[in-house]
Amino acid sequence: MREILISGASIAGQTLAYWLARHGMRPTLVERAPGPRMGGNGVDLRDQAIEVAERMGIMPRVRAAAADVQGIKFVNASDRAVARMDMRSAGGEVEIMRGDLVALLSEAESGVEYVFGDSVRALAEDGDGVTVSFEQGATRRFDLVVGADGLHSTVRRLAFGPEQRFLRHKGHYFAFANADSALGEDRWVSMFNLPGKMAGVYRSGNHAQAKAYFIFRSGLLAYDHRDVGEHKRLLKEVFAHETSWRVRELLDGALDDPDLYFDALSQVRMPSWSSGRVALVGDAAYCASPASGAGAELAIVGAYRLAGELAGAADHRVAFRRYEEGLRELVRRKQRIGPNVRMMVPKNRLGMWTRNAVVSVLPRS
Ligand SMILES: Cc1cc2nc3c(=O)[nH]c(=O)nc-3n(C[C@H](O)[C@H](O)[C@H](O)COP(=O)(O)OP(=O)(O)OC[C@H]3O[C@@H](n4cnc5c(N)ncnc54)[C@H](O)[C@@H]3O)c2cc1C
């Protein structure tokens, strides 16, 4: 029976573990955090990702937990909506809080070994397997290793090289954190702009907790991307002197949130998603960025396909090649993010005015 190590127990890693176990393989999930990370705002499932979730039997619970946000309203400093965008889908799409999705995936697992609070330290591949040493646990042997460890993947660094080769910075940083639900209008995402910055609050009607959004324009910043204290320092530097609208309250909530998520708006572009006995899945291989609205979709579909190809081919090289050939086109389409971020975070006041004028004349769906 194939023994497969997966680094990262988020959406890609858990989906992959589920399907590998279901195909009769033995997956081990190693996650650096002490438990599954439940933070984040809403993520979208659509098309093939919904089909995969149906096959996993979780889709009824995904629909039951779905966020019921109607749209985005752009507000001025007095909290008056200056433009509204209806986001209700025609039915082909389900938005769910990221933490709810992670919890549903965890509940679906069986036959999966979990190791929390550890990380791969080194990989040594030979003819018939990979010897993996960990930061905490004892060295072990696996047939294959899969990196599902996100934008700053450790497995990618060890098997493919430094991340600077593969990350394309898209000129912005963003953060998601918990927010006081009194700060947002029920069932709307409220966004307040300053030139090159946005603070917002996401308020699903069926969740007690609201979520804060922050985005700001910036070239690449040098900081330790694993240090939450650094994330908070940077966020504070950019927003602390903003006193209009609800920026101060949202910032205070974010600075108090131990699960604040902060990162560069970057994409991952790689010429190949496998090297020998090591492959990558989800953001580690082809992050499209939160601006794409497709991160969860690509993670689920990619993990499902990778597991299916491994089940269908005795030779992992054949499986890895087919996985990549089957998914490249979808990734290419989803990585085209167009003007999404520029629309949410105009550079200057003229851009804000133009955006509001355009949004105001868009037809409501
Ligand atoms: C806390 C959090 C909140 C997020 N919020 C949003 C959001 O609101 N909107 C949005 O669009 N996207 C969000 N994302 C990103 C989104 O989850 C991904 O874009 C997408 O779902 C693809 O998932 P993934 O499993 O490939 O990667 P990720 O969800 O990024 O998961 C990677 C996992 O690997 C773990 N990990 C990292 N390094 C190591 C290591 N060395 N060893 C072991 N484990 C490691 C991480 O702790 C994490 O659990 C968030 C991600 C996280 C981790």
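Keep in mind that this is a model prediction, so the values were computed, not measured.

Conventions used here
- Residues numbered from 1 in each chain as written.
- Predicted model: local features only at pLDDT ≥ 70, side-chain atom pairs only at ≥ 80, totals over all residues.
- Heavy atoms only, no water.
- Helix = DSSP H or I, 4+ residues; strand = E, 2+ residues; numbered from the N terminus.
- Buried < 20%, exposed > 50% of the residue type's maximum accessible area, 1.4 Å probe, protein only.
- Contact = heavy atoms within 4.5 Å.
- Areas by Shrake-Rupley, 256 points an atom, 1.4 Å probe, with all protein chains shown as cover.
- Lys, Arg positive; Asp, Glu negative; His and termini not counted.
- Charge placed at Lys NZ, Arg CZ, Asp CG, Glu CD.
- Patch = residues over 30% accessible without salt bridge, like charges linked within 9 Å, V, L, I, M, F, W, Y side chains within 5 Å.
- Salt bridge = Lys/Arg side-chain N within 4 Å of Asp/Glu carboxyl O.
- Axes fitted to C-alpha atoms, helices over the stretch in contact; angles between N-to-C directions.
- Parallel < 35°, antiparallel > 145°, perpendicular 65-115°, else oblique.
- Left-handed = near helix turned anticlockwise from the far one by under 90°.
- Nonpolar A, V, L, I, M, F, W, Y, C, P; charged D, E, K, R; others polar.

Chemist: I tried to follow the overall build of the protein chain on my own but got confused; where do I start?
Modeler: When you go through the protein chain residue by residue, the secondary structure sums to 12 helices and 18 strands. Along the first, second and third principal axes, the C-alpha atoms of the protein chain reach 65 × 40 × 35 Å. Sorting the 365 residues of the protein chain into buried and exposed places 53% on the buried side. When contacts within the protein chain are restricted to residue pairs at least 6 apart in sequence, long-range pairs at least 24 apart make up 71% of them. Just so you have it, the protein chain exposes about 15600 Å², and 50% of that area is on carbon and sulfur atoms. Computing the positive centroid from 49 side-chain charges and the negative centroid from 44, the protein chain places the two 6 Å apart.

Chemist: What is the right way to look at a negative patch on the surface in this model?
Modeler: Taken together, the side chains of Asp180, Glu249, Asp252 and Asp256 make up a negatively charged region of the molecular surface. With respect to the helices and strands, the residue aspartate 256 is situated in helix H7 (residues 247-256).

Chemist: Whenever I open this one, the packing of helix H9 (residues 295-312) against helix H10 (residues 316-334) confuses me. Can you help?
Modeler: Packed helices, taken two at a time, are described by their axes: the angle between them and the distance between them. Direction vectors running N to C along H9 and H10 enclose 160°, while the axes themselves pass 8 Å from each other. As judged from the angle between their axes, H9 and H10 are roughly antiparallel. Considering how the two elements wind past one another, H9 and H10 form a crossing that is right-handed. Where H9 abuts H10, its residues Glu297, Leu298, Val301, Gly302, Arg305, Leu306, Glu309, Leu310 and Gly312 lie against His316, Ala319, Phe320, Arg322, Tyr323, Gly326, Leu327, Leu330, Val331 and Lys334. For the contact of H9 with H10, the residue count by class is 10 nonpolar, 4 polar and 5 charged.

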